[in-house]
Amino acid sequence: MPRNRAAYAILWGGLIAGLIDISYAVGFSATRGVPPSRILQSVASGLLGSPAYQGGNATATLGLVLHFVLMMIIAAIFYFASTRLRFLVARPVGWGALYGFLVYWVMNLVVLPLSAFPSQVKFVPILLITSLIVHAFGIGVPIALASRKAQAM
């Protein structure tokens, strides 16, 4: 049964968080005239570098897959931490929001700089604010709630 609990938390938490996050990224970028395929290619560029932008639908698809793989990893980290630190699922909104906030900073200060992503992200205040909100409540909280539900099964 513990394996099924982990699968439940990781799959549902990762899928819901991933869907919210990519929807936000595509929607926000659309207001700036950036097509969805370009957003997905930018995810793939973390692995492939600049050539991702010349890969068409293939690299856009790779970007979508990579995005959801990362979300599953992020969900797995929280789930396995919460099996040891039960307080994380006792208050999933607060701890999930904090986790999402930390995910944002780790992704932007550690993962992106170490990846093949070809450019620096420009500081745009509204992007920072909305990204922090989405990471806290659209990534961290759904992952924490899925982990809580899985542990109650």
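Up top you'll find the structure we're talking about.
Rules behind the numbers
Residues numbered from 1 in each chain as written. Predicted model: local features only at pLDDT ≥ 70, side-chain atom pairs only at ≥ 80, totals over all residues. Heavy atoms only, no water. Patch = residues over 30% accessible without salt bridge, like charges linked within 9 Å, V, L, I, M, F, W, Y side chains within 5 Å. Areas by Shrake-Rupley, 256 points an atom, 1.4 Å probe, with all protein chains shown as cover. Salt bridge = Lys/Arg side-chain N within 4 Å of Asp/Glu carboxyl O. Helix = DSSP H or I, 4+ residues; strand = E, 2+ residues; numbered from the N terminus. Axes fitted to C-alpha atoms, helices over the stretch in contact; angles between N-to-C directions. Parallel < 35°, antiparallel > 145°, perpendicular 65-115°, else oblique. Contact = heavy atoms within 4.5 Å. Phe/Tyr/Trp six-rings, centres within 6.5 Å; stacked < 30°, edge-to-face > 60°. Buried < 20%, exposed > 50% of the residue type's maximum accessible area, 1.4 Å probe, protein only.

Caption draft 1: Region of interest: a nonpolar patch on the surface. On the surface, Leu85, Phe87, Trp95, Leu98, Phe101, Leu102, Trp105, Val106, Leu109, Val110, Val111 and Leu114 cluster together into a nonpolar patch covering about 1100 Å² of accessible area. In terms of residue count, helix α5 (residues 92-114) provides more of the nonpolar patch than any other element does, 10 residues in total. Following the sequence through the fold, Leu102 ends up in helix α5.

Caption draft 2: Summary view of the packing of helix α2 (residues 36-48) against helix α3 (residues 56-84). Interaxial distance between α2 and α3 falls to 7 Å at its minimum, and their mutual angle equals 75 degrees. One element, α2, and the other, α3, form an angle in the roughly perpendicular class. Two secondary-structure elements touch here, α2 through Ser37, Leu40, Gln41, Val43, Ala44, Leu47 and Leu48 and α3 through Gly56, Thr59, Ala60, Leu62, Gly63, Leu64, Leu66 and His67.

Caption draft 3: Broad picture of the packing of aromatic side chains. One pass over the full model with this rule turns up six aromatic pairs. Between Phe87 and Trp95, the aromatic rings sit 5.0 Å apart at their centres with planes inclined by 65 degrees, giving edge-to-face as the arrangement. We classify Trp95 as partly exposed; its relative accessible area is 33%. Measuring from centroid to centroid gives 4.9 Å for Tyr104 and Trp105, while their planes differ by 90 degrees, and the two rings are edge-to-face. Since its relative accessible area comes to 30%, Trp105 is described here as partly exposed. Three or more aromatic residues joined by ring pairs form one cluster here, namely Phe101, Tyr104 and Trp105.

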